[in-house]
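Topology and contacts: notes
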Amino acid sequence: MSLNDQYRREQRELNREALLRLAALFPALDLNAIDATGPGWVLAAEQITAGHYAASQSLAQRAYEAQRSAAGLIDHVSFVLPGMDGAKLRASLTFKGPYAAKKLLSQGVPPAEVRRLLFGATTGRALRTGLDGGRDTFRAGADQDPKCVGWKRITSAGACRFCRFLADRGAVYMESTAIFAAHDNCMCTAAAVFKGGEIGPEASVEQYLGSRKTRTPKDRERLLDALEAFEPRLPVRAGRA
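For every chain, the first residue of the written sequence is number 1, and numbering continues from 1 onward in sequence order. Confidence filtering applies because this is a predicted model: local features only for residues at pLDDT of at least 70, side-chain atom pairs given and counted only at 80 or more, and all residues used for totals across whole chains, interfaces and linings. Working from all heavy atoms in the structure, the side-chain values ignore hydrogens and water.

**Observations concerning the nonpolar core**
Rules: Side-chain atoms within 4.5 Å link the members of a nonpolar core, which is a set of buried Ala, Val, Leu, Ile, Met, Phe, Trp, Tyr and Cys residues. Each residue is placed in one exposure class: buried if its accessible area under a 1.4 Å probe, protein chains only, is under 20% of its type's maximum, exposed if it is over 50%, and partly exposed if it falls in between. Only DSSP runs of H or I reaching four residues or more are called helices, and only runs of E reaching two or more are called strands; each is numbered from the N terminus. Whether two residues touch is decided by their heavy atoms; if any such pair falls within 4.5 Å, the residues are in contact.
Core analysis: the biggest nonpolar cluster contains 37 residues, and Y64, F138 and Y173 have the highest contact counts within it. For this core, the secondary structure elements donating two or more residues are α1 (3-25), α2 (34-70), α4 (111-144), β1 (148-154), α5 (161-167), β3 (189-194), α6 (205-210) and α7 (217-230). Among residues more than four places away in sequence, those in contact with Y173 are G150, W151, L166, A178, A203, Q207, Y208 and S211. Judged by nonpolar contacts, the second largest core, of 21 residues, contains L31, I48, L93 and A126.

Encoded structure:
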């Protein structure tokens, strides 16, 4: 098993464990007492996700060091790791959880369907944030390790077209401004690329565009054009990437 495969397997198992904890917590959000139970549920979900983020970082650190050693680099390197944005996660969980519950119930959506929708939305965002711990670690290494050229995206077997496009041809992201674009429930991971090894092609202008946090309407149209050129049999203009 390759280092990348081993790392992805470990992150998937970590993700599964976090999902089980979030599932066990979910009934604490009582649809009959949203104002009373919502804040405590959000806080507990944030704590689970913070643990997931830290554990994902730990796995990524070990994987980064292993990949570095495999590249023939024997010197030690350390870098400052980013922290999870708890405020952003709390806002998202509040919007996708208690706020969405009130709105859906007011529209007459049956409680069972509301629970299903809320569970999918909130766990998807929490798991994405937790796995960002590993992605952020590789980005930090690329930014701070002088022997690291950049990072590349490793997709899962069932990756969506957007993720496959961003990883196409083993694209290496060398610009420090490039983020690891991930959607809810995204299982893509990162791998480091070091000097002296086979680096591969740098990400295209369109792939860098896909990794931006914000895009203008013109940027969005350009990205959609690139996606349609990537897989022309699957038009995306009816559903935005």
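**Things to note about the packing of aromatic side chains**
Just so we agree on the cut-off: Between rings of Phe, Tyr and Trp, where Trp is taken as its six-membered ring, a pair exists when centres lie within 6.5 Å; planes separated by under 30 degrees are stacked, by over 60 edge-to-face, and by other angles tilted.
Evaluation of the coordinates by the stated rule reveals eleven aromatic pairs. Measuring from ring centre to ring centre gives 6.3 Å for F26 and W41, while their planes differ by 80°; the resulting arrangement is edge-to-face. One end of the pair, F26, is in the loop between α1 and α2; the other, W41, is in helix α2, and 15 residues separate them in sequence. A relative accessible area of 12% means that F26 is categorised as buried.

**Thoughts on the environment of R21**
Position of R21 relative to the elements: it lies in helix α1. Taking the C-alpha atoms as reference, R21 lies 7.3 Å from I48; in sequence the two are 27 residues apart.

**Thoughts on the confidence of the model for the chain**
We apply this condition: In predicted models, pLDDT denotes the confidence assigned by the predictor to each residue on a 0 to 100 scale.
For the chain, per-residue confidence averages 92 on the pLDDT scale, and 96% of positions sit at 70 or higher. Ignoring residues within four places in sequence, the model shows residues 236-241, a span with pLDDT below 50, making 15 contacts including any to other chains.

**Observations regarding the pattern of salt bridges**
Quick reminder of the rule: By definition here, a salt bridge exists when the distance from a side-chain nitrogen of Lys or Arg to a carboxyl oxygen of Asp or Glu is within 4 Å.
A full pass over the atoms with the stated rule returns 15 salt bridges. The salt bridge involving D184 is made with R128; its shortest N-O contact spans 3.2 Å. Of this pair, D184 sits in the loop between β2 (172-173) and β3 while R128 sits in helix α4, placing them 56 residues apart in sequence. D184 sits in the partly exposed class, given a relative accessible area of 21%. Linking R139 and D136 is a salt bridge whose minimum nitrogen-to-oxygen distance equals 4.0 Å. Placement of both R139 and D136 in helix α4 is noted, with a separation of three residues, approximately one turn of the helix.

**Section: the layout of surface pockets**
Spelled out, the test is: Using only the protein atoms, space was sampled on a 1 Å grid; points where a 1.4 Å probe fits but cannot get out form cavities, open sets with protein on both sides within 12 Å along at least five of seven lines form pockets, and lining residues are those with an atom within 4 Å of a point. Grid points are joined across faces, edges and corners, and a volume is the space filled by probe spheres set on the points. Amino acids are sorted into nonpolar (Ala, Val, Leu, Ile, Met, Phe, Trp, Tyr, Cys and Pro), charged (Asp, Glu, Lys and Arg) and polar (every other residue, Gly among them).
There is about 800 Å³ of room inside the largest pocket. Those elements giving two or more residues to the lining of the largest pocket turn out to be α3 (86-106) and α4. At seven residues, the largest contribution of residues to the lining of the largest pocket is made by α4. Residue classes in the lining of the largest pocket are distributed as ten nonpolar, five polar and eleven charged. N4, K152, A192, V193 and E198 are the residues nearest the centre of the second largest pocket, which is lined by 17 residues in total. Every element with two or more residues in the lining of the second largest pocket is listed here: α1, α2 and β3. Among the elements that line the lining of the second largest pocket, the one with the most residues is β3, at four residues. Along the lines of polarity and charge, the residues of the lining of the second largest pocket split into eight nonpolar, six polar and three charged.

**Points about the packing of α2 against α3**
Helices that pack against each other are described as a pair by the angle of their axes relative to one another and the distance between those axes. For the record, the criterion: Structural elements are reduced to axes, namely lines fitted to C-alpha atoms, with helices fitted over the stretch in contact, and the angle between N-to-C directions of any two is expressed from 0 to 180 degrees. For any helix crossing, the convention is left-handed if the near helix is rotated counterclockwise from the far helix by under a right angle, and right-handed if that rotation is clockwise.
The interhelical angle for the contact between α2 and α3, taken along N-to-C directions, is 145°, at an axis separation of 9 Å. When the axes of α2 and α3 are compared, the crossing they make is right-handed. For the pair α2 and α3, contact is made by I34, D35, G38, W41, V42, A45, E46 and T49 and by G86, L89, R90, L93, T94, G97, P98, A101, K102 and L105, respectively. In the contact of α2 with α3, the residues fall into nine nonpolar, five polar and four charged.

**Side note on the packing of α2 against α4**
Where we set the bar: Angular relationships are summarised with four words: roughly parallel below 35 degrees, roughly antiparallel beyond 145, roughly perpendicular across 65 to 115, and oblique for the angles in between.
Axis separation between α2 and α4 bottoms out at 8 Å; the angle between their running directions is 30°. Put simply, α2 runs roughly parallel to α4. For the pair α2 and α4, the sense of crossing is right-handed. Considered class by class, the residues forming the contact of α2 with α4 number ten nonpolar, 13 polar and two charged.

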